[in-house]
Amino acid sequence: MKFGVVVFPGSNCDHDAFYAISEVLHQPVEFIWHQSEDLANSDVIILPGGFAHGDYLRTGAIARFSPVMKPVEKFAKSGGLVLGICNGFQILLEAGLLPGAMMRNVGLRYICRHVYIRVEDTATPFTHAAKKGQILKIPIAHNEGNYTCDPETLAQLRKNDQIVFRYTTADGSDDAAGNPNGSMDNIAGICNRERNVAGMMPHPERAVESALDSADGLVIFRSLVETFMTSAKATA
Amino acid sequence: MATASAEIKVTAEIAAEHGLSAPEYARVQEILGRDPNITELGIFSVMWSEHCSYKSSKVHLKRLPVRGKLVVQGPGENAGVVDIGDGLVAAFKIESHNHPSFVEPFQGATTGVGGILRDIFTMGARPIAILDSLRFGPITPEKSAPSVAAETIAKNRRILDGVIRGVASYGNSFGVPTIGGEVCFEPCYSQNPLVNALALGIAKKEDLFFAKARGTGNPVIYVGAKTGRDGIHGASLLASAEFTEESQQKRPNVQVGDPFIEKLLLEACLEAMATGAVVAIQDMGAAGLTCSTTEMASRGGTGIEIDLGRVPQRETGMTPYEIMLSESQERMLLVAEKGREPEVLQVFKKWGLDAVVVGEVADGGLLRVKDHGQVVAEIPAHPLAEEGPVYRRPITPPAPRAETSADWFAFAPANKNLTDNFKRLLASPAIASKGWITEQYDTMVRTNTLAVPGAGDAAVVRIKGTKRALALATDGNGRWCQLNPRLGAMHAVAEAARNVACSGARPIAATNCLNFGSPEKPAVMWQFSEIIDGLAEACTALETPITGGNVSFYNETLGASIYPTPVIGILGVIEDAANVLKSGFRNSGDIIILLDGLKEPAPVTVNTADALTADLAREFSSSEYSKSVAGIVAGQPPAIDLAAEKRLQQCLLALASSQSLQSAHDLSDGGLAVTLAESCFAAPKLGAQMTLQHNAPAESFLFGERGARAVISIAPTKLDGILHLAREHGVAATEIGNVTSDGIFSIQYNGSAIIEESVEALREIWSHSLERALKQ
């Protein structure tokens, strides 16, 4: 199974995702430059965190026009696995591969700290190895993570179990106390209806070793590997 | 300030407007053998400004220890470099951006961070951490300074907010974790905040780059952002003169930062360096193109010839004077191997950056600047860089302050309940948690951060691919330096080193940022000289040579100087990252031990008890407790014993490598009680119960700030071994209490309960005071 990590100018969590995949998960991984027209035969595409193109406009608004987004869109539409983390999530929203938009955090400040998120649904390739309701301790680091969408979209997200992660307190309550940025319905991550494209604001690649205070993010990468292995076996 | 075309005839008056004195101007004429034109005058004025030439500090800086067996590069390059083992080196340096941050807090802070990052990657090192040492005027009414006006406090809050946002914005976008530093408050910083930024990078030893131009005919390449009219005379005039009421008009002199371009520049420079086609490289910081061309030529013993017509420009109609003096950010100058320039240019093209051959290395040692082929400046590079004015400015110690025992802190009676005072201390901005600030920094990007701010005494980052980690701490107590410059400076070194040792690292080298008032005042120069001597003594004793840094003079507004404020950054190495120590207690039932590097003082007899109390009161009057609770700032900093500091640090290292500690936290601001409380705050749901015995007054023992001490916690089974190890190191180890599961923080002193409160209540005060103060 091969991961591809897209590098936009201004990406800064690309190396962290690469390291988590190659050194902790021991899976093949390759960087893909944003001007690339192909995805280097990757089985999963990661859009990493950072400030693609500086993000001086709306976050992700320029990155969605990077040449690499054409093959990424094609890959996603044909069922390929795509995970957008933080800035990557913002780019997926701008690209229309996921519904909704980001506003600035309530309080209008950048926030970097460990938060707790609850796995709301395990019937996705991203959470397959987790337990439903499992609480993960994973850091956030963003200025614009206040997810919003119109009421119809929210209803759809709920109805189709597209809300993959919600912010909670350490003991699992999804009230305002557990919500670090004002995100609608405490949404921390969603997937598309087909469940092959997901975006999340927390950084699982920053929570893959106990030395970094949490290894809870591993379950997301492991889910992807397991899903792929299972489907590969099925195809064989 | 004239920034017009070359037709302006230079006179002594125009030279004076450029900050050049009559003798300095005469020296310019002597070096050139003629009158300079306006462009040349501009070049001399920035190169010979205080900021770039160190003309007032040079004679004193020579007294600092700069050599050591691990030092690869001492002062004089873009950053200091030390050997950290495994074939790796660390490049690190701290620099000030005080004046711009007062005039325009956000941009001043961003460009401070940007500048120091460029200094690091110019050396070929990838930045891995940023620390910021910040000082502001009071953000709440202070008992010790009742005269600070409400509007000043409001302004201080705005400056703080702008600086914090600036630091955050640059580091977060650039993608290097901002993991430490300090935030301090004193009235003297109201009109002159201090923003000192430290960056750390690592490289393979053989991959280091230096800023020495060589190879006649080698192309000189300009890379990065375009040149604009921003920041002209930013460093030379803004940072080399004191503030007056007109200083807000200097806003156009402040540069504007673009972390995105800098991120591209970083990746492109490292990639270009890896091609092997780069000979030398220097960033364009203070004095921009002037400084980078002159210094590269001077260091390499060559000349450099450039044509300004080829310099990428953001606006039209810029004069040679403006182009040479612009301090536009995110630019670099490099020298490539002749014939291999396409390899270099290709890399920058990939990253979407301008990269243009603007000239070449030349024989003859001249800096020759052309504009579309016509020579507009021609100056011998070496005299320009190295033969600037050097002053041995007058030094006069200030008259000793008339101090009486009435100025000193009067200790409360022995049985007084001190819980309320303790809470006030925890709420003071100096002691309160800085979490509200550090949460705005990305502290985790690059996934190397083993100790986020507040988790340990020093910031700790691991080095992937090795077992090693690096620890970094900054420290500086301006109040103590004001009361006794030499002693204050020694404490700054000792505390930074102690912090590093408390994280399990061996301190190996230092960097310093020296913030002072006007060097033209003999009293300020006396402070400077004393502080240099204090730094030299402490850095020698603790074996942490100084590898670089900077001097910032003229930190004064309307004639009032800041406290002399040396900020020391100390780097330490942890051979095995598994031995990293943090400050939080871990397990209920663990034993709490006070380590003291000072040999036990002589027992107090009845006759000397009063004298002891008087000495303690004098020392205690300079403490944070005295300032926040009693409103007294007087006396002397605590006496220091560098041998005791060294013993304590070596003991901590031995304990860390034996992996027998659960936590370690040094004693500093707020003394023992604050240290103990902070170790509780970092441990959810735990408490601590202490039983203390001493003959000093309770306040002195609980809140005194004498150095060479640390609090550790250990599993009970480890006790004998630890006491033995401490004894071997000549360090006193006293059992003072236990970690408990009841969530209560209690201290018994000489048999009476003097502090008792739930950890949650104390944590609530400590965690939120800063945010509350800022939101008032």
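Our subject is the structure listed above.
Re the sheet that holds strand β6 (residues 194-204) of chain B
Residues and elements named next belong to chain B. As summarised here, the arrangement of the 6 strands in space is β1-β2-β3-β6-β4-β5, forming an open sheet in which the pairing is mixed. Taken across any chain shown, the strands that pair with only one partner, and hence form the sheet edges, are β1 (71-73) and β5 (178-185). Pairwise comparison of adjacent strand axes, ignoring direction, gives a mean angle of 25° for this sheet. Running at roughly 180° to strand β4 (residues 126-136), helix α8 (residues 150-174) makes contact with β4, β5 and β6 of the sheet.

What about the nonpolar core?
With 333 residues, the main nonpolar core has A90, A459, L470, A471 and V493 of chain B as its most contacted residues. Sorting elements by how many residues they give to this core places helix α18 (residues 485-502) of chain B first, with 11 residues.

Thoughts on the interface of chain A and chain B
At the interface, 21 residues of chain A touch 21 residues of chain B. Elements supplying a minimum of two residues to the side of chain A that touches chain B: α1 (14-24), β6 (111-119) and β7 (135-142) of chain A.

Observations regarding the environment of G96 of chain A
Along the chain, G96 of chain A falls in the loop between α3 (87-94) and β5 (101-103). When the C-alpha positions of G96 of chain A and E73 of chain A are compared, they lie 9.3 Å apart, and in sequence the two are 23 residues distant.

Side note on unusual backbone geometry
The phi torsion at D161 of chain A lies on the positive side, around 55°, for a residue other than glycine. Taking the C-beta count within 10 Å as the criterion, D161 of chain A has 15 such neighbours and is therefore assigned partly exposed. A positive phi angle is found at E330 of chain B, which is not glycine, with a value near 60°. Mapping E330 of chain B onto the fold places it in the loop between α12 (320-325) and β10 (331-336). Since 28 C-beta atoms lie within 10 Å of it, E330 of chain B is described here as buried.

Overview of the pairing of strand β26 (residues 732-740) of chain B
Residue and element names in this part refer to chain B. Two elements, strand β22 (residues 591-596) and β26, share 6 bridges in a ladder whose sense is antiparallel. Note that in β26 the partner of I591 across the bridge is N738. Looking at chain direction, strand β24 (residues 687-692) and β26 are connected through 4 bridges and run antiparallel. Bridge pairing in β26 links M690 to G737.

Things to note about the sheet that holds strand β10 (residues 187-191) of chain A
All names here are of chain A. Pairing is mixed in the open sheet, where 9 strands are placed in the order β2-β1-β3-β4-β11-β10-β9-β6-β7. If you trace the sheet from one side to the other, it starts and ends with β2 (29-33) and β7, each paired once. Shown here is a sheet whose adjacent strand axes are inclined to one another by a mean of 25°, direction ignored. Direction of pairing for strand β1 (residues 3-7) relative to β2: parallel, over a ladder of 5 bridges. Across the sheet, V5 pairs through a bridge with F31, a residue of β2. Against the sheet, helix α2 (residues 69-77) engages β3 (44-47), β4 (81-85) and β11 (197-200), with an angle of about 125° to β4.

Observations concerning helix α3 (residues 38-47) of chain B
Of all the 10 residues making up α3 of chain B, 10 are buried; the element is thus mostly covered by neighbouring parts of the structure. Those residues of α3 of chain B that fall on the buried side of the exposure criterion are I38, T39, E40, L41, G42, I43, F44, S45, V46 and M47 of chain B.

Some details on the pairing of β10 of chain B
Regular strands have side chains that alternate between both faces of the sheet. All names here are of chain B. Counted residue by residue, β10 has 6 buried out of 6 residues, so it is predominantly covered. Side chains of β10 alternate between two faces, with R331, L333 and V335 and M332, L334 and A336 buried alike. Note that strand β7 (residues 219-224) and β10 share 5 bridges and pair antiparallel. Note on β10: the bridge partner recorded for V223 is M332. In this structure, strand β8 (residues 278-283) lies alongside β10, joined through 5 bridges in antiparallel fashion. Looking at the pairing, Q282 lines up with L333 of β10.

How each quantity is defined
- Residues numbered from 1 in each chain as written.
- Chains lettered and ligands numbered in written order.
- Predicted model: local features only at pLDDT ≥ 70, side-chain atom pairs only at ≥ 80, totals over all residues.
- Pairing = 2+ DSSP bridges.
- Helix = DSSP H or I, 4+ residues; strand = E, 2+ residues; numbered from the N terminus.
- Axes fitted to C-alpha atoms, helices over the stretch in contact; angles between N-to-C directions.
- Contact = placed C-beta atoms within 7 Å.
- Core = buried A, V, L, I, M, F, W, Y, C linked by C-beta atoms within 7 Å.
- Buried ≥ 20, exposed ≤ 12 C-beta atoms within 10 Å, placed from the backbone.

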